[in-house]
Amino acid sequence: MTRPEHPFTEPWQAQAFAMTLALHEAGVFSWSEWAQTLSGTLRDSAPDGSDYYICWVRALERLMDSKLGTTDAQRSALARAWERAAHATPHGQPILLANDPGAHG
């Protein structure tokens, strides 16, 4: 079996992978917990595997919710804050959550 030259087709996929590794290395969850959670999300995946990394992110969200007590509402609020920060950040500058104009008012 040959390995794909590029395992990620989008940058966010590599970022999700890296985030998972970092959280595991920080002791947030074990590999067996990760494998069990990911396999659970993959049961409902597309037959062609096209949504593999969507399932990956769902598994990561489920683990974060169970281990850290995060909620959909908290994740949604944080995503909106990052989006506002991105729009408020000048082109070519790093996007920082501190740039979120909604955080100051």
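Our structure is the block above this text.
Okay, so let's go over this structure. Within every chain, residues take consecutive numbers counted from 1 along the sequence as written. Totals for whole chains, interfaces and linings use all residues, but because this is a predicted model, local features are given only for residues with pLDDT of at least 70 and pairs of side-chain atoms are given and counted only at 80 or more. Just so you know, side-chain values use all the structure's heavy atoms and leave hydrogens and water out.

This part takes up the layout of surface pockets. Considering only enclosed or pocket space, the largest pocket measures out at about 400 Å³ in volume. Cavity means a closed set of points on a 1 Å grid over the protein atoms alone, one where a 1.4 Å probe fits but cannot get out, pocket means an open set with protein on both sides within 12 Å along at least 5 of 7 lines, and lining means a residue has an atom within 4 Å of a point. In terms of lining, the largest pocket is formed by 15 residues, of which the most central are M19, V57, L60, E61 and R75. Listed by contribution, the elements that provide at least two residues to the lining of the largest pocket are α1 (11-25), α3 (52-68) and α4 (72-88). Of the residues belonging to the lining of the largest pocket, the class tally is 10 nonpolar, 3 polar and 2 charged. Grid points are joined across faces, edges and corners, and a volume is the space filled by probe spheres set on the points. Put simply, DSSP marks the helices as runs of H or I at least four residues long and the strands as runs of E at least two long, and each gets a number from the N terminus on. Here the term charged refers only to Asp, Glu, Lys and Arg, the term nonpolar to Ala, Val, Leu, Ile, Met, Phe, Trp, Tyr, Cys and Pro, and the term polar to all other amino acids, Gly among them.

Before going further, it helps to spend a moment on the packing of α1 against α3. Between α1 and α3, whose axes approach to 10 Å, the crossing angle comes to 30°. Viewed along their axes, α1 and α3 form a crossing whose handedness is left-handed. For the pair α1 and α3, the contacting residues are W12, Q13, A16, F17, M19, T20 and L23 in the first and Y53, I54, W56, V57, L60 and M64 in the second. Class assignment of the residues belonging to the contact of α1 with α3 gives a composition of 11 nonpolar, 2 polar and no charged. Every axis in this analysis is a line fitted to C-alpha atoms, fitted for helices over the stretch in contact. Angles between the N-to-C directions lie between 0 and 180 degrees. Throughout, a crossing is termed right-handed when the near helix is turned clockwise from the far one, and left-handed when it is turned anticlockwise from it by less than a right angle. Contact definition: two residues touch when any of their heavy atoms are within 4.5 Å.

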